[in-house]
Amino acid sequence: MRGLTRYVLRQTMMLTLAFTLVFTAAVWLVQSLRLIDLIVNRGLSLAIFFKLAVLILPRFIEIVLPIAIFLAVLFSYNRLISESELIVMRASGLSQMTLSRPALILAGCGVLTLLALSTYLLPAAFREFKDLQFEIRGRFASALIQEGVFNTITDRFSVYIRSRNRRGELGGILIHDMRDPKKPVTLLAERGALVDGPDGPRVLMMNGSRQQYELETGKLAVLSFERYTVELASGKDTSATRPREAEELYFHELLAPGAPGNLTPEIHLRLITPIDALVFALIPLACLLPGDFNRRGQSRRILAATILAMLFEVMDLGTKNLASHNVAAAPLLYLETFLPIAIAAWLILRDGRWPWLSRPIPAAVAPGAS
């Protein structure tokens, strides 16, 4: 690797790391504030909070890294132009490809990083996050129950509590239990309390009724009670038996013959997302390198690169959202990704000009001219 390539690559690499750390930290901090409520008001431990906060980091890195690469390439090459370093490099005989090499190497590193995230790190983090969330709903369900709202402990078990005092006593309890689909149960109680049992948290209910509907016979059985206990977490509700979502599966699991459901959209998304790093690196290159350099500044080129990057991001989010619901839209993913790559590569290699980006420099008036 030439010294000039290492010189430019070192600058772009450092800027990429700085932008990635700053943006990821900012987004992570905002999202982590939502988890603080679990500690302050729900009684969960600080260790669980940090574990949840760390598990959401890979998702933010996947979003932030392409944008960081775009800003790093834009800032680095604009500085090289403004300080005439890139002009000297071109005058010394360096080709467009050689000038683009540092940004392309950076983009390649970004693609490999995003590929590692999409194929392994993201599924592993999301799987651990969902397992921990499922465990919290079971073991720490009492900490998650809020008064005045319907709390969904699982997809078949909901709890409503009208009030809860400082001593933990509950008032106005409603529980809807469909863990046995053939025999849905609704329980009502005047008061009660949350207690810990050998199999997990339980609701101790006082002065209420139990209504069980028999789907096969169509009969409703009503039982009044003075004292009744309901387990919030069934022994069957474990992370080992929980069906995995598409985002939790590793790439080889998506391709397995016995994979559940239609996972084709997820496969396309895993393959195309890492290429975004290359697109975001080529956009500033295609705007800054082709044509003549303007000594008055590159404001138009910088503005054009920013607008193009924003348009690509909007189109990228739109096509990914469409393709995630409709596999027939998958070709649009590849079209909106590889078409900008082809156009940018053509402009850079052919040294194509953007007439509307360059302001003509007035010619010097010759001596003696009127």
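Predicted, not measured: the structure shown is a model, and the values here were computed from it.

Scoring rules and cut-offs
Residues numbered from 1 in each chain as written. Predicted model: local features only at pLDDT ≥ 70, side-chain atom pairs only at ≥ 80, totals over all residues. Heavy atoms only, no water. Salt bridge = Lys/Arg side-chain N within 4 Å of Asp/Glu carboxyl O. Buried < 20%, exposed > 50% of the residue type's maximum accessible area, 1.4 Å probe, protein only. Helix = DSSP H or I, 4+ residues; strand = E, 2+ residues; numbered from the N terminus. Polar contact = N/O pair within 3.5 Å; in protein donor to acceptor, adjacent residues only side chain to side chain. Contact = heavy atoms within 4.5 Å. Core = buried A, V, L, I, M, F, W, Y, C linked by side-chain atoms within 4.5 Å. Patch = residues over 30% accessible without salt bridge, like charges linked within 9 Å, V, L, I, M, F, W, Y side chains within 5 Å. Areas by Shrake-Rupley, 256 points an atom, 1.4 Å probe, with all protein chains shown as cover.

Asker: It is not clear to me how the pattern of salt bridges should be interpreted in this structure. Could you clarify?
Answerer: Pairs can form between side chains of opposite charge once their charged atoms are near each other. Within this structure, the stated rule accounts for 9 salt bridges. A salt bridge links Arg79 to Glu83; the nearest nitrogen and oxygen atoms lie 2.7 Å apart. Judged by its relative accessible area of 25%, Arg79 falls in the partly exposed class. Residue Arg127 pairs with Glu253 through a salt bridge whose shortest N-O separation is 2.7 Å. Placement of Arg127 in helix H5 (residues 96-139) and of Glu253 in helix H7 (residues 251-254) is noted, with a sequence separation of 126 residues between them. The class for Arg127 is buried, based on a relative accessible area of 17%. Exposure remark for Glu253: the relative accessible area of 24% places this residue in the partly exposed category. One network of salt bridges, in which partners are shared, links Arg59, Glu62 and Glu247.

Asker: Quick question: what am I supposed to make of the side chain of Ser76 here?
Answerer: With respect to the helices and strands, the residue Ser76 is situated in helix H3 (residues 57-82). The exposure class of Ser76 is buried, given its relative accessible area of 2%. A distance of 2.8 Å separates a polar side-chain atom of Ser76 from the backbone oxygen of Ala72. Once you skip the residues sitting within four places of it in the chain, Ser76 turns out to touch Gln11, Thr12 and Leu15.

Asker: Where do I start with the nonpolar core in this structure?
Answerer: The nonpolar side chains of a soluble globular protein tend to be buried with one another. Within the largest apolar cluster, 50 residues are counted, with the highest numbers of intra-cluster contacts made by Ile69, Phe70, Val73, Tyr77, Leu86, Ile283 and Leu285. Examining the composition of this core, we find that 11 residues originate from one element, H3, more than from any other.

Asker: Whenever I open this one, a nonpolar patch on the surface confuses me. Can you help?
Answerer: Where nonpolar side chains cluster on the molecular surface, the patch consists of Leu322, Leu332, Leu335, Leu339 and Ile343 and spans about 440 Å² of accessible area. With 4 residues, helix H11 (residues 330-349) is the largest single contributor of residues to the nonpolar patch. Structurally, the position occupied by Leu332 is in helix H11.

Shape descriptors only; they carry no functional weight alone.
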